[in-house]
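Report on the structure
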Amino acid sequence: MECSILYVSRRLATPSDIAAIVQVSRSRNASLDVSGALVASREWFAQILEGPGDSIDALMASISCDQRHSDLDILVYEDIEERRFRDWSLAYNGSSLFVDGLIEVLAVRTSATPVPYHLGRLVHGMVEFTHPLH
């Protein structure tokens, strides 16, 4: 069974750090049969990774130790039947101010459980930026 994880974290990375993250991640994710998307705003990261559970767990062990972000918060970890980002080892299209509010409302929430509406808005936005209208 494949799984999907969505996490948010506080961005400490510079633009050149992010370029390095994307370059390394695309290669590493492809070798682990992982696909996904990364979005960055001025203050936040949000990332969805999809693939075999053991590969996702290995990536998250590495990601959680990365000093280019802090306050990592796993919002969703679930089994999936179909990947949303199957064509992308890592989709990334630069920093986005639009997603800042989408991520922040999840990252600084006061309850332990994220509001499904806010999760849905973030995931929908991430899917949309990887599947442009034709």
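About the cut-offs
Residues numbered from 1 in each chain as written. Predicted model: local features only at pLDDT ≥ 70, side-chain atom pairs only at ≥ 80, totals over all residues. Heavy atoms only, no water. Helix = DSSP H or I, 4+ residues; strand = E, 2+ residues; numbered from the N terminus. Rg over C-alpha atoms; globule rule 2.2 N^0.38 Å. Buried < 20%, exposed > 50% of the residue type's maximum accessible area, 1.4 Å probe, protein only. Contact = heavy atoms within 4.5 Å. Pairing = 2+ DSSP bridges. Core = buried A, V, L, I, M, F, W, Y, C linked by side-chain atoms within 4.5 Å. Axes fitted to C-alpha atoms, helices over the stretch in contact; angles between N-to-C directions.

Details of the overall build of the protein
Along its length, the protein carries 4 helices and 4 strands. Taking 134 residues into account, the globule formula puts the C-alpha radius of gyration at 14 Å, and the protein, at 14 Å, falls close to it. Dimensions of the protein along its principal axes, counting C-alpha atoms only, are 35 × 35 × 35 Å. Looking at the 134 residues of the protein, the share that counts as buried comes to 41%.

Brief notes about the environment of Ser9
With respect to the helices and strands, the residue Ser9 is situated in strand β1 (residues 2-11). Residue Ser9 is classed as buried on the basis of its relative accessible area of 0%. Here the alpha-carbon distance between Ser9 and Leu72, two residues 63 residues apart in the chain, equals 4.3 Å. In this view, Ser9 contacts Glu43, Trp44, Phe45, His69, Ser70, Asp71 and Leu72; residues no more than four positions away in its chain are not counted.

A look at the side chain of Ser55
Counting through the fold element by element, Ser55 comes out in helix α2 (residues 53-63). Once you skip the residues sitting within four places of it in the chain, Ser55 turns out to touch Leu32 and Val34.

Focus on the pairing of β1
Looking along a regular strand, one sees side chains alternate from face to face of the sheet. With 8 of its 10 residues buried, β1 lies for the most part within the structure. As judged from the 9 bridges shared by β1 and strand β3 (residues 44-52), these two strands associate in the antiparallel manner. When the sheet's bridge partners are listed, Tyr7 is paired in β3 with Gln47. As paired strands, β1 and strand β4 (residues 69-80) are joined by 9 bridges and run antiparallel to one another. Considered in β4, the bridge of Ser4 is made with Glu78.

A look at the nonpolar core
Leu6, Ala46, Ile103, Leu122 and Met126 are the most contacted members of the largest nonpolar core, which totals 19 residues. Elements with a contribution of two residues or more to this core: β1, β2 (35-40), β3, α3 (98-107) and α4 (116-130). If one sorts the elements of this core by residue count, α4 sits on top with 5 residues. With sequence-adjacent residues up to four places away left out, Leu6 is seen in contact with Gln47, Ile48, Asp73, Ile74, Leu75, Val76, Leu119, Leu122, Val123 and Met126.

A short note on the sheet that holds β2
Across the sheet, which stays open at both edges, the 4 strands sit in the order β2-β3-β1-β4 with antiparallel pairing between neighbours. Each edge of the open sheet is held by one strand with a lone partner, namely β2 and β4. Averaged over all pairs of adjacent strands, the angle between strand axes in this sheet comes to 10°, irrespective of strand direction. Relative to β3, β2 runs antiparallel, the two sharing 6 bridges. Bridge assignment links Val39 to a residue of β3, and that residue is Ala46. Along the sheet face, α2 touches β1, β3 and β4 and points at about 150° away from the line of β3. Helix-sheet contacts for α4 involve β1, β2, β3 and β4, and the interaxial angle to β2 is about 105°.

Everything listed is a geometric property; what it means functionally is a separate question.
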